[in-house]
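Listed below, chain by chain, are the residues.
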Amino acid sequence: APPVKYNVAIPTHGRWRPVGEMSGKKRFKGDNRPFILAHTLSFLSRQGIPRERVTLFVATSTESENYRKALKGSDWASVRIVVSTLGNKNNRNFIYCYFPKNAYVVSIDDDVERICWKFTDGITHHSLRTLPARGLETLIYDARARLAEQGAYLWG
């Protein structure tokens, strides 16, 4: 599929806190990185997604300040942070109105560590493969082309 301009929207709340405090996973025990940095932002970095395409949507100016402080000194220190509104439904509606009409927006959760696809029958981890590095942008381009073919506007 041909390359297209896209934006990545991440609605988030409270994920500026240390991942070691928020996650019960053993590998994060004692990890003081912000949760969002250990998850979605790290995933986007591995995928080579340009930082200027990414916007964090937070509920309050205090949340914005907390994220900015938590990300200071990281590769994501200057990520765009927009104060939207509290509540999942309201936040998603805000995001929809925030971008220009017909803008291609990929919304991604704030706790994503990887994306997998099922390549064979079965219901175990052996039937899944992790999207390779730089594979997300290819997926984004392909999804956009398929959406256009079907006259659809939402995927995830």
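Higher on the page you've got the structure.
Residues numbered from 1 in each chain as written. Predicted model: local features only at pLDDT ≥ 70, side-chain atom pairs only at ≥ 80, totals over all residues. Heavy atoms only, no water.

1. With respect to helix H4 (residues 61-71)
When we look at burial in H4, the residues that qualify are Glu63, Ser64, Asn66, Tyr67 and Leu71. End-on, the buried residues of H4 take up no more than an arc of 165°, which puts them together on one face. Exposed residues on H4 whose side chains face more than 90 degrees from its buried face are Glu65 and Lys69. Structurally, H4 contributes buried residues whose contacts are with helix H2 (35-38), helix H3 (40-46), strand S2 (54-58) and strand S3 (80-83). Just beyond H4, the residue with positive phi is Gly73, at close to 85°. (Buried < 20%, exposed > 50% of the residue type's maximum accessible area, 1.4 Å probe, protein only. Helix = DSSP H or I, 4+ residues; strand = E, 2+ residues; numbered from the N terminus. Arc of directions from axis to C-beta. Contact = heavy atoms within 4.5 Å.)

2. So, the pattern of salt bridges
Enumeration according to the criterion identifies seven salt bridges in this entry. Here Asp110 makes a salt bridge to Arg15, at a shortest N to O gap of 3.3 Å. Pair noted here: Asp110 is in the loop between strand S4 (105-107) and strand S5 (116-118) and Arg15 is in the loop between strand S1 (7-11) and helix H1 (19-22), with a separation of 95 residues, a long-range link. A salt bridge links Arg92 to Asp109; the shortest N-O distance between them is 3.3 Å. Taken together, the residues Arg92 in helix H5 (residues 88-98) and Asp109 in the loop between S4 and S5 connect sequence positions 17 residues apart. Residue classification places Arg92 among the partly exposed residues on the basis of a relative accessible area of 33%. The partly exposed category is assigned to Asp109, whose relative accessible area is 40%. (Salt bridge = Lys/Arg side-chain N within 4 Å of Asp/Glu carboxyl O.)

3. Some thoughts on the sheet that holds S4
Pairing is parallel across the open sheet formed by four strands, whose spatial order is S3-S2-S1-S4. Strand pairing shows two members of the sheet lacking a second neighbour, S3 and S4, which therefore form its edges. Neighbour-to-neighbour, the strand axes of this sheet turn through a mean angle of 30°, independent of strand direction. Here S1 pairs with S4 via three bridges, running parallel. Bridged to Ala9 within S4 is Ser107. Across the sheet, H4 lies against S2 and S3, angled at about 165° from S3, the strand it touches most. (Pairing = 2+ DSSP bridges. Axes fitted to C-alpha atoms, helices over the stretch in contact; angles between N-to-C directions.)

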